[in-house]
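# Structural overview for review
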Amino acid sequence: MIQYISQKFDSSLFHTKQIFSMLSPLIMDSFFVCAIGVLTTAMISSSSQESVSAVSLVSPLYLMVYAVYNAVSAGGTVVVAQFKGKGDEEQIKKAAGQMILVTPLSAIFACLLLVLFADPLVHILFGGVEEAVLDKAEQYLIGIAISMIFLAVYMSGFAVFRGLGETKCCLHLTILINLLHFVASFVFINMMHLDILGSVLSLNLARLVGGGAAMWMLLSPKSILRVRPKHIFHPDKKIMGEIFRIGIPYGMEQIFMNGGSMLVQIYIAKLGTVSVAANAVANSVFSLLYSAPSAVATLGVTVVGQCIGAGEKELARRYGKSMVWLCTALTVASLAIGLPLMPLILKMYQAPENTVSIIYSILAITAICMPFFWPSANTLPSIMRSAGDASYPSYFSLATMWVIRVGLGYLLAIPLQLGIQGVWIGMCAEWAVKTLAFWFRFRGDKWLLHASQ
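Residues numbered from 1 in each chain as written. Predicted model: local features only at pLDDT ≥ 70, side-chain atom pairs only at ≥ 80, totals over all residues. Heavy atoms only, no water.

## A short note on the overall build of the chain
Counted only if it meets this: A helix here means a DSSP run of H or I that spans at least four residues, while a strand means a run of E at least two residues long, and both kinds are numbered starting from the N terminus. For the radius of gyration, the atom set is restricted to C-alpha positions; the globular benchmark scales as 2.2 Å times the number of residues to the power 0.38. Relative accessibility decides the category of a residue: with a 1.4 Å probe and only protein chains considered, values under 20% of the type maximum give buried, values over 50% give exposed, and everything between is partly exposed. We call two residues in contact when some of their heavy atoms are within 4.5 Å.
Per the secondary structure count, the chain includes 17 helices and 0 strands. Whereas a compact globule of 453 residues would reach a radius of gyration of roughly 22 Å, the chain reaches 21 Å, a difference of no more than 12%. Based on the C-alpha atoms only, the size of the chain along its principal axes is roughly 55 × 45 × 35 Å. In the chain, which comprises 453 residues, the proportion classed as buried is 59%. Counted over contacts in the chain with a minimum sequence separation of 6, partners at least 24 positions apart contribute 84%.

## Brief notes about the environment of Leu125
Along the chain, Leu125 turns up in helix H5 (residues 118–125). Leu125 sits 47 residues away from His172 along the chain, and the two C-alpha atoms are 38 Å apart. Leave out the neighbours within four places in its chain, and Leu125 touches Leu61, Met262 and Ile266.

## What about helix H6 (residues 131–164)?
Condition: One less than the residue count of a helix, multiplied by 1.5 Å, gives the span that helix is expected to have. Working definition for bend: take the seven residues up to and ending at a residue and the seven starting at it, fit an axis to each, and measure the angle between the axes.
For H6, with 34 residues, the first-to-last C-alpha span of 47 Å sits near the 50 Å given by 1.5 Å per residue. At Ile149, H6 shows its maximal kink, close to 35 degrees. Where H6 ends, the next residue or the one after it, Gly165, has phi of about 85 degrees, a positive value.

## Details of the packing of H5 against H6
Note the threshold: The convention used is that axes are lines fitted to C-alpha atoms, helices contributing only their stretch in contact, and that angles between N-to-C directions extend from 0 to 180 degrees. When describing relative orientation, an angle under 35 degrees is termed roughly parallel and one over 145 degrees roughly antiparallel, while 65 to 115 degrees is termed roughly perpendicular and anything else oblique. A crossing counts as left-handed when the near helix is turned anticlockwise from the far one by less than a right angle, and as right-handed when that turn is clockwise. Three classes are used: nonpolar for Ala, Val, Leu, Ile, Met, Phe, Trp, Tyr, Cys and Pro, charged for Asp, Glu, Lys and Arg, and polar for all others, with Gly counted as polar.
Orientation of H5 relative to H6, taken along the N-to-C sense of each, is 140 degrees, at an axis distance of 9 Å. In terms of orientation, H5 lies oblique with respect to H6. Here the hand of the crossing between H5 and H6 comes out right-handed. Residue-level inspection shows Ala118, Asp119, Val122 and His123 of H5 in contact with H6, the latter providing Glu131, Leu134, Ala137, Glu138, Leu141 and Ile142. Residue composition of the contact of H5 with H6, grouped by class: 6 nonpolar, 1 polar and 3 charged.

## Digging into the packing of aromatic side chains
Note the cut-off: Working definition: a ring pair exists when centres of Phe, Tyr or Trp rings (six-membered ring for Trp) sit within 6.5 Å. Plane angles under 30 degrees give stacked, over 60 give edge-to-face, the rest tilted.
The tally for this structure, following the rule as stated, stands at 14 aromatic pairs. Each ring, one from Phe9 and one from Phe20, has its centre 5.5 Å from the other, and the planes form 80 degrees; the classification is edge-to-face. Remark: Phe20 occurs in helix H2 (residues 16–47) and Phe9 occurs in helix H1 (residues 2–9); sequence separation between them is 11 residues. Given a relative accessible area of 0%, Phe9 falls into the buried group. For Phe20, a relative accessible area of 28% corresponds to the partly exposed category. Taken together, a centroid distance of 4.9 Å and an interplanar angle of 25 degrees make the contact between Phe442 and Trp447 stacked. Taken together through their ring pairs, the aromatic side chains of Phe286, Tyr290, Trp374, Trp424 and Trp431 make up a single cluster.

## Some points on the nonpolar core
Here is the rule: Here, the term nonpolar core denotes a set of buried Ala, Val, Leu, Ile, Met, Phe, Trp, Tyr and Cys residues that are joined through side-chain atoms within 4.5 Å.
One finds Tyr69, Met148, Tyr319 and Trp431 to be the most contacted residues of the largest nonpolar core, which totals 135 residues. Broken down by element, the residue count for this core peaks at 17 residues, all from H6. Each residue touching Trp431, except ones within four places of it in the same chain, is listed here: Phe286, Thr366, Cys369, Met370, Phe373, Trp374, Ala377 and Arg405.

Spatial relationships are all this shows, so hold off on functional conclusions.
So this is what it looks like as structure tokens:
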């Protein structure tokens, strides 16, 4: 087995030990984020079903705006990885500087829009929901919009370290921001009983500290990169153009995908508060199951991006296949470990019995489909983007999102009366179609023809 794994991951650029030394912190990073997310969602859920429903309703709207600066971060990670493959440290510093400048500015603009239009957005989009849920949703939207500014600063540093393959730095930042979020949530929600306001305060505090830490790790004289003010305040049009060339299609994908998710939330809301709460808890629990496998997509950007930067296109293809294999193996392992623990995990949410039964049915549907379709559908897009092929995975993902997840999901959930289970069946169908399309693209050469020179 060890020899088989070595054959998959040893090469002239990387060796197996190096690959797994980068992967381990990423898995811990992803799992830590998901675990804290589960715990904080459980805290909110323990306050009331209205609170967890409010968070669930607002999340797609917030994520749609968050996608703008997340796209800059994703594009920056690819550019940094490619410069790392070329061994050009000065260009890495310039790329880091552009991200430090642009990412927070985009978040400030997004924050202003959400704060100014929070009330009409919530009431227009979710007008059929109970007023208590709407009031909490508006509070949460305003608070989380403010926290996006601090998160954008954090993400610009995080993306640079991810592109460099410095996954331990990423893990340290993740532990800091999420552990602080968890402790603050416990104090504000469980001890001070501030409900939604407590969740908002904990987010802002954690992201403020995390953003400061990320900047210190990039700018301090003892940092591994030592970015200087000249790298930040002297725009480089070529680097900026490359970041946006890769990031904009991904950003558009995320914006419209979260718009689709928002539509899904709207027709889920018509199914009642129980279905909304069950969907929110199922999403939170499901994030635990894919926390380890999702780390492989992040690793793929670093590894394949550096291969492209070094001019090793066939090695990039080989590592792309290896990443899908590794993601599949971790998916199976996650299901084998996580599913038996579900009764214990679900107890934390203190959900009513009728909600729990719906959650179990959703998890059963997902567990059957996930090993076959989820790894390829979620890893191959990152592999192709790391080579500069940003448009195809983004536009195809958009098409499947709106036609299958939104359209088919609605058909199954409402006219065919399958309820919330129909929404998740539609999502599994989307994974299957994306798997076929992305493998077809990956087996060809077009995805390798977009690397910057």
